[in-house]
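The residues making up each chain are set out below.
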Amino acid sequence: MLNMKSIPTQSCKKSSWLTVLFLFLLGSGFAQSWESLSVESPEPIQDVFALSQDSLFAASGNTSTARIYSSFDAGITWSEIQRSDLGLQYAIAKTPLGNLLSCGYEGKGLRSTDAGTTWQAVSFGRSDWIMDWCALPNGRLLAVGLNGRCFFSDDDGINWQSPQPITNSWLLAVTTDNQGVAWAVGSDGVILNSSDGEVWNLVVQDSPNTLTDIKSTPTNELLACGFNGELLQSSDSGATWQAQRSGSEEWNAMLIREGEYWLLGTGGIKSAQDSLMLPAPFSFSTLSSGTLLPDGSILAGAKNGRLFICRFPIQSIVESKPNISVFPNPSQAGFYLKDASPGTYLLSDAQGRICAEWTVLNSDSFLPLPAHLPSGSYILRNNQSNLHQMLMVKN
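Residues numbered from 1 in each chain as written. Predicted model: local features only at pLDDT ≥ 70, side-chain atom pairs only at ≥ 80, totals over all residues. Heavy atoms only, no water.

**What about the environment of D155?**
Rules: Only DSSP runs of H or I reaching four residues or more are called helices, and only runs of E reaching two or more are called strands; each is numbered from the N terminus. We define a polar contact as two N or O atoms separated by no more than 3.5 Å, with the added condition that, inside protein, one atom must be a possible hydrogen donor and the other a possible acceptor, whereas residues neighbouring each other in sequence contribute only through side-chain atom pairs.
With respect to the secondary-structure elements, D155 resides in the loop between β14 (150–153) and β15 (171–176). Separated by 15 residues in the primary sequence, D155 and R140 place their C-alpha atoms 7.6 Å from one another. Within the local environment of D155, its side chain forms a polar contact with the side chain of S153, the two groups lying 2.8 Å apart.

**A word on the pattern of salt bridges**
Here the idea is simple: oppositely charged side chains can pair when their charged atoms come close. This is how it is decided: Salt bridges are counted wherever a side-chain nitrogen of Lys or Arg sits within 4 Å of a carboxyl oxygen of Asp or Glu. A 1.4 Å probe rolled over the protein chains alone gives each residue an accessible area, and that area as a share of the maximum for its type sets the label: buried under 20%, exposed over 50%, partly exposed in between.
Following the criterion strictly, the structure yields 11 salt bridges and no others. The residue R83 makes a salt bridge to D85 at a minimum N-O spacing of 2.8 Å. A salt bridge links K215 to D213; the shortest N-O distance between them is 2.7 Å. Assessed through its relative accessible area of 24%, K215 is described here as partly exposed.

**Some points on the pairing of strand β24 (residues 260–265)**
The line we're drawing: At least two DSSP bridges between two strands are required for those strands to pair.
Within β24, six of the six residues are buried, which leaves it mostly tucked inside the rest of the structure. Alternating positions in β24 separate into two faces, E260, W262 and L264 on one and Y261, L263 and G265 on the other, with burial throughout. Where β24 meets strand β25 (residues 268–271), four bridges bridge the pair, whose relative direction is antiparallel. Paired with W262 across the bridge in β25 is S271. Count of turn residues in the β24/β25 antiparallel hairpin: two residues, of which G267 carries a positive phi of about 85°.

**Side note on the sheet that holds strand β13 (residues 141–145)**
Neighbouring strands of a sheet are bound in pairs by backbone hydrogen bonds; such pairs are parallel or else antiparallel. Stated formally: Where helices are involved, their axes are fitted lines through C-alpha atoms of the stretch in contact, as for all axes, and angles between N-to-C directions lie from 0 to 180°.
Pairing is antiparallel in the open sheet, where three strands are placed in the order β12-β13-β14. Lying at the two open borders of the sheet, with one neighbouring strand each, are β12 (130–135) and β14. Ignoring which end each strand starts from, the neighbouring axes of this sheet average 20° apart. The sheet contact formed by β13 and β14 spans four bridges and is antiparallel.

**Focus on the environment of G376**
Position of G376 relative to the elements: it lies in strand β35 (residues 376–382). By relative accessible area, G376 is classed as partly exposed at 22%.

**Describing unusual backbone geometry**
Note: most peptide bonds trans; most residues except glycine with negative phi. Here F327 and P328 are connected by a cis peptide whose omega angle stands at -5°. Here P328 shows up in the loop between β30 (325–327) and β31 (334–338). Residue P330 follows N329 across a cis peptide bond; omega there is 20°. Residue placement: P330 occurs in the loop between β30 and β31. Even without a glycine there, the phi angle at E106 is positive, about 50°. Relative to the helices and strands, E106 resides in the loop between β9 (100–104) and β10 (108–112). A positive phi angle, near 60°, is found at A115, a position not held by glycine.

And the structure:
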């Protein structure tokens, strides 16, 4: 039993990382597509955030001006909000109640309750530089900064409190793991954790390298990256940490999706597992931030004030073995799935456009092909597991 939604080939939707996977499977080698967006900030892009595929945001500024760039058409056009009463903004994300919040210079931030259309000033109560924030499962917001303090808010970021400093080190990033524990990293290789944002435990402080970002995987592994190519990993909920690699790179951000880890910094984007480097084909400075878009591509900000979209496969880029059983192949009117996992299945063409979509409920299902689908090679993919198979269509 299945539900089918076909999309006319003339107006197929983009599925950018499928384009690259398709080319890879054809034996053309790894490829990626970088797109330079129209934003040209006079200062470095500090953070980027995607509320949806269409609603994109970037934070920037200097010590006397805050800048928030926003696009509501998937990055085609951008508008800029300047606030001369605030300073640069370092981190921007969505709160548990669905509002947008940025934090920045001298304890001042911005908050939007209408999906980024308008913004109101927020004070964190002190003149510290606030570098990052996250949310605990109970809705409490935590923010960290350069004076080693953690700020917390219990009203979705309107009012903030700050206890005494929790460390002498600068704190640059904070996140929560799957168990609801907050983790913060910063200068001197410091790693701290807390269950409530008020009492913190010093876990690690024995690295000469500054740590710039920390993330938790779906299996509750923890990874922290930083300067001099530093990448630390913990497989036991933070009890012990192992150095995975080192080098000369400056890693400023990390992205995790379904077991794949990607580092953003000097020269582009690198896979943490296999050292695959994705350099941009044009000149730009070090990447400073990035966020995953719903279609699998990455919106990235750079220290030269530019924004880019990198379209490439986040998962399985080096594993090309087909893993969906279909017959007949080649197909004409349709094909059968054999022993398939239930879920949403997508069919894309060589340009990465999605030409058909099915919701499969049973392991053995017949999937009819859209009428007038041109003959050629396509990629069939399970949207939940990213299992894939090349499908030949002959009409």
